[in-house]
Structures are given as C-alpha cells and as structure tokens.
Amino acid sequence: MNRKQPLRAVKGMRDILPPESRLWGRIEQVARELFHAYAYQEIRTPLVEPTELFARGVGEETDIVTKEMYTWEDRDSKSLTLRPEATASVVRAFIEHKMYEQPGLKKLYYMGPMFRRERPQKGRYRQFFQIGAEAIGSDSPAVDAELIEMIVALLARFDLSGFTLLLNSVGCSTCRPAYIATLRDALRQVSGLLCPDCQRRSETNPLRVLDCKVPEDQPIIDGLPILFESLCPGCFTHSQRVEEYLQDRQIAFTMQPRLVRGLDYYTRTTFEIVHGALGAQNALLGGGRYDGLSEALGGPRAPGIGFSLGEDRFVLAVEQAAPVETKARTDRLLYIAWLGESAYRHAAELARELRALNAAVEVAPDAAKLKKSLEIASRIGAGHVLIIGDQELAEGKYPLRDMSRGEQRTVNNDDLFREFGVPRANE
Ligand code: AMP
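Throughout, residues of each chain are indexed from 1 in the direction in which the sequence is written. Under the rules for a predicted model, residues below a pLDDT of 70 receive no local features and side-chain atom pairs below 80 are neither given nor counted, while totals for whole chains, interfaces and linings still include all residues. Think of the side-chain values as coming from all heavy atoms in the structure, minus any hydrogens and water.

A. Here's a closer look at the overall build of the protein. The helix and strand labels rest on DSSP assignments: H or I over at least four residues marks a helix, E over at least two residues marks a strand, and numbering proceeds from the N terminus. For the protein, the helix and strand inventory stands at 15 helices and 16 strands. The classification of residues rests on relative accessible area computed with a 1.4 Å probe and restricted to protein chains. Under 20% of the type maximum is buried, over 50% is exposed, and intermediate values are partly exposed. Counting only residues that meet the buried cut, the protein has 49% of its 427 residues in that class. Note on definitions: a residue-residue contact is assigned when non-hydrogen atoms from the two residues lie within 4.5 Å. Sequence-distant contacts, at least 24 apart, represent 70% of the contacts inside the protein between residues at least 6 apart. Per-residue and other accessible areas follow the Shrake-Rupley method at a 1.4 Å probe size, with only the shown protein chains counted as cover for residues. Of the accessible surface of the protein, which amounts to about 21800 Å², a share of 50% is contributed by carbon and sulfur atoms.

Here you go:
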C-alpha cells in the first residue's frame, strides 16, 4: 500500500514540544506574577486585525509593513492581516473601549503569537511569541524607569545575566523634524554608497537608515549626525530623568544614539536589551515611548510606553544560562500500574482523588506485567510507581516503588494523599 506523504508544519512556524514547553509555561507564569506585582492587567486582542491598523500603527515604511505581513482579502473584500506585533492592537483597543475615560494610568500586558514573513533562522521565526506590556496615559519619566525596572526584574527571576540594556531618546515632534532635515542633507552626500534599502529610506524615512544592519553601511552611518545632540529642552530633561531614575535603581545601561524606532509617533525613550548568547539574532526585547500613537490611530492624546520580549529568544537564553531547567521534571509523577478489572477501577478512583489534590498521576491504560510497567514508568520519567493487584486491593495497602532509589515500601491511601497530594509552594 502506498503511504501518504506526511504533512509538515509551515516553514518558519514551529511546534513547541515537551519538555521544552514546560519552560515556556513557567516563563509565562512568572511573567504574569511579576506584571501583577507591578499592577498590570492582561489584555487579549485578536490575532487578526484590519490591515490599516498596522499601516498606521506600525508605519507604512517599516520592513514589517512593506515586506513581512501576512495579508489577505477577506470574502467581503476587506484587507485583513495576522498581527505582526501587539502594541498597535492594544492602543486600538484602548481607544475602542474608551479606556482613556478611566482615571489613572492604564497598564496592560499580553502574551501570544505574532506573525512576520521573515527569513527563518535560529531565533527568527515566522510565527514567534512575544510577552509585552504597555503603560498608557502618562508621559512621566517615572513610568519609563518603572517599566525598565520590571523588565530587569523579569530577567533576574531567571538568573539571566550577560545582557546589555541599550538606551536612547528619539526626541519628539518639536525637535525631530529639524534633525531629520539635517540627517537628510547628510545622507544626500553619502546615499550612493549605502545599500539599496538605505538609498530608498534616505528619502522616505531617513531615521530608519540608522537602524540598518548591513555591515558595509556601518562606517558611513557612524559618521552621520546624532539625534541625541539635537533634543529640545523637554526631551533632554525627560531623558536625563530616565537616566537618573535608572541609576537610582542600580540598573546599568549603555547610551546607543543609533537606537531608533523610525516612526513618526515614537517619541523620546527607546531601548533594547541584547544578549550575548543569542548569536546573530541577539535582540531579546525592545521597547519605547509612543506619545503620538493614540492620535495616529484616531484616538485622544494618550502618551504611552511599552516593551515586547521575544519569548522564543528568551527560552534560548534561559536554556543556555541553566540547561537543567529544560530537563524533564516529572519526578513528582506517580505512575499507577494495575492488573485486573477491579484493580483498574480502584486505580482510576485513587488517581481522581489524588489529582483533585493537585498530584500528577498517570494511570496505565492497559494491564501489564510488573517488569513492563516499570519500563514504561521509567521511560516517561515517573518518580514513583504504585502497583495495584487483587491482593493489594483486598489489603488496602500497595507497594510503592521509588524509581530513583530503586527502593520499594508499602503504603496505604492516607500515606499517598499525604505524600503526593500537597501542592508544593514553588510549583
Ligand atoms: P519588535 O516588535 O520588532 O521590536 O521585536 C521585539 C522582540 O521580539 C525582539 O527583540 C525579538 O526578541 C522578538 N522578535 C521579533 N521578530 C522576531 C522573529 N521573527 N522571530 C523571533 N523573535 C522575534
């Protein structure tokens, strides 16, 4: 018989398998706890948005919008797009649900898949996951510093070191236009020497030239005028305050005058964290202030700042820092082997009670000889095996085997509930 060709996942889109998926779950859980500690609340927005949101909310001239979006025409001829990032969606939701009418700062976090049709490589995928947060409703530098403090705390919870926080200010609508004019003039002199993308950007969105990663362009770009030196007094003071507040918190940073988010409504603070262990795709997270975004999306003035962490890359970095984290940690798993129909019924009941107490239990799907059961239990990494047969049923006592020690002892139900049924504090 001809076997059918097995199907594979779409290029650049991955399955996250156990045991690695456990680390993903843990990262998300720790991030949630930390965000709640900083008074952020979760927002879930659709994966599909009107294409125009990203054209307006990310920027027509960005690589994301010009080359990387999954866009299609729906049956009613509306242009739809799989979200390539979430900030635009969060600000859309902020406006749509009139969150600006509520008093105080709106602090929202999200986690989930994003889609960009980039060239896949290690650390770069077409479906990737981001964990991010947005604080909307204040332009105070205190918000910038607190957000960065929270990010650094997240990395610390995973003992991640070896990262660098890069910081910059990209000014505002008062000071940036003059700088862009100066930059455009400077680019006219050298544009012919730059890569084709930069030649185009020199005209359409000169700030993006500063972001170029083409190695041959770097010495030329290094010679261009620096935005930081043309900040207006308001932006300069804001930037000074952010720096001071970070110093108060003993958070080390490196000023990186070329760190831009080349969109008109990105303002003032921009930052990125790069990590040495990540190779070519070394940006672990990025963020910045977007004081004009709400207005660009048709909302009221609502200055905000946010960040987005690449979860795929975070997992890579955490694995490299502490490989033990990703090992199968199923040592708490109790495997129940049984022989005979009434033993099965008892095993199923016992498992239900233990699981209600939060114990991790696997019941053998079929009756098996002891040797085979131990083999299976060992393969799935169970820490203990409980063996139930007719005799054990009658006595209400069962042999419990500790798989790592290879020891066996006899236990009753109470022993089991006591030993496996109490959730551990750090789980
Ligand atoms: P951005 O939204 O472009 O500022 O990206 C924020 C973070 O998301 C980056 O620092 C990366 O860690 C991650 N990221 C962006 N694009 C990808 C991708 N194609 N694959 C994996 N991670 C990505």
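B. View of the side chain of Arg116. Note on placement: Arg116 falls in the loop between strand 5 (106-115) and strand 6 (127-136). By the counting rule applied here, Lys and Arg register as positive and Asp and Glu as negative, while His and the ends of each chain are not counted. Salt bridges are defined as contacts in which a side-chain nitrogen from Lys or Arg sits within 4 Å of a carboxyl oxygen from Asp or Glu. For the buried Arg116, which has no salt bridge, the nearest side chain bearing the opposite charge is Glu118, at an N-O separation of 4.6 Å. Side-chain polar atoms of Arg116 contact the backbone oxygen of Pro84, separated by 2.8 Å. Once residues within four sequence positions are removed from consideration, Arg116 is found in contact with Ile64, Glu68, Tyr70, Pro84, Glu85, Tyr125, Arg126, Phe128 and Gln130. Residues adjacent in sequence count toward polar contacts only when both atoms are side-chain atoms; beyond that, a polar contact is any pair of N or O atoms within 3.5 Å, and within protein one must be able to donate a hydrogen and the other to accept it.

C. Local environment of the pairing of strand 12 (residues 334-338). Within strand 12, five of the five residues are buried, leaving the element largely enclosed by the surrounding structure. Residues Leu334, Ile336 and Trp338 point to one face of strand 12 and Tyr335 and Ala337 to the other, with burial holding for every one of them. Should DSSP find at least two bridges between two strands, the strands are regarded as paired. Bridge count between strand 12 and strand 13 (residues 361-363): three bridges; the pairing is parallel. Within strand 13, the residue paired with Ile336 across the bridge is Val363. Whether a crossover is right-handed comes down to one check: with the strands pointing away from the viewer, does the path from the first strand over the helix to the second run clockwise; if it does, it is right-handed. Once you follow strand 12 into helix 12 (residues 341-356) and on to strand 13, the crossover reads as right-handed. Taken together, the five bridges between strand 12 and strand 14 (residues 384-388) define a ladder with parallel strand orientation. Counterpart to Ala337 in the pairing with strand 14 is Ile387.

D. A look at the sheet that holds strand 16 (residues 407-411). Across the sheet, five strands lie side by side as 13-12-14-15-16; this open sheet has mixed pairing. One side of each edge strand has no neighbouring strand; the edge strands of this open sheet are strand 13 and strand 16. On average, each strand axis in the sheet is tilted by 25 degrees relative to the strand beside it, whichever way the strands run. Sheet analysis places strand 14 next to strand 15 (residues 398-402), joined by three bridges and oriented antiparallel. For helices, the fitted axis covers only the stretch in contact; all axes are lines through C-alpha atoms, and the angles between them, taken along N-to-C directions, range from 0 to 180 degrees.

E. Up close: the site of the ligand. Around the ligand, the surrounding shell holds 15 residues, and the nearest of these are Arg116, Glu118, Tyr125, Arg261 and Ala283. A distance of 2.8 Å is found between a nitrogen atom of the ligand and a backbone nitrogen or oxygen belonging to Tyr125. Leu285 is positioned with one of its backbone polar atoms (N or O) 3.4 Å from an oxygen atom of the ligand. The fraction of the free accessible surface of the ligand (490 Å²) that becomes covered by protein chains is 88%. Taken together, the elements giving at least two residues each to the shell around the ligand come down to strand 6, strand 10 (283-289) and strand 11 (304-310). Each residue gets one of three labels, nonpolar for Ala, Val, Leu, Ile, Met, Phe, Trp, Tyr, Cys and Pro, charged for Asp, Glu, Lys and Arg, and polar for the others, Gly among them. Counted by class, the shell around the ligand contains five nonpolar, five polar and five charged residues. Summary of the distance rule: residues count as near a molecule or strand when at least one heavy atom falls within 4 Å of that molecule or strand.

F. Just the environment of Val90, in detail. Its place among the elements puts Val90 in helix 4 (residues 87-96). For Val90, the contacting residues outside a window of four places in its chain are Ile43, Thr45, Leu108, Tyr110, Glu134 and Ile136.

G. Main features of the sheet that holds strand 3 (residues 71-73). If you walk across this open sheet you meet the three strands as 2-4-3, and the pairing is antiparallel. Bordering the open sheet on either side are strand 2 (48-50) and strand 3, each of which pairs with just one other strand. Between one strand axis and the next, the sheet turns through 35 degrees on average, direction left out of account. The pairing of strand 2 with strand 4 (residues 79-82) spans three bridges and is antiparallel. Its bridge partner being in strand 4, Glu49 is matched across the sheet by Thr81.

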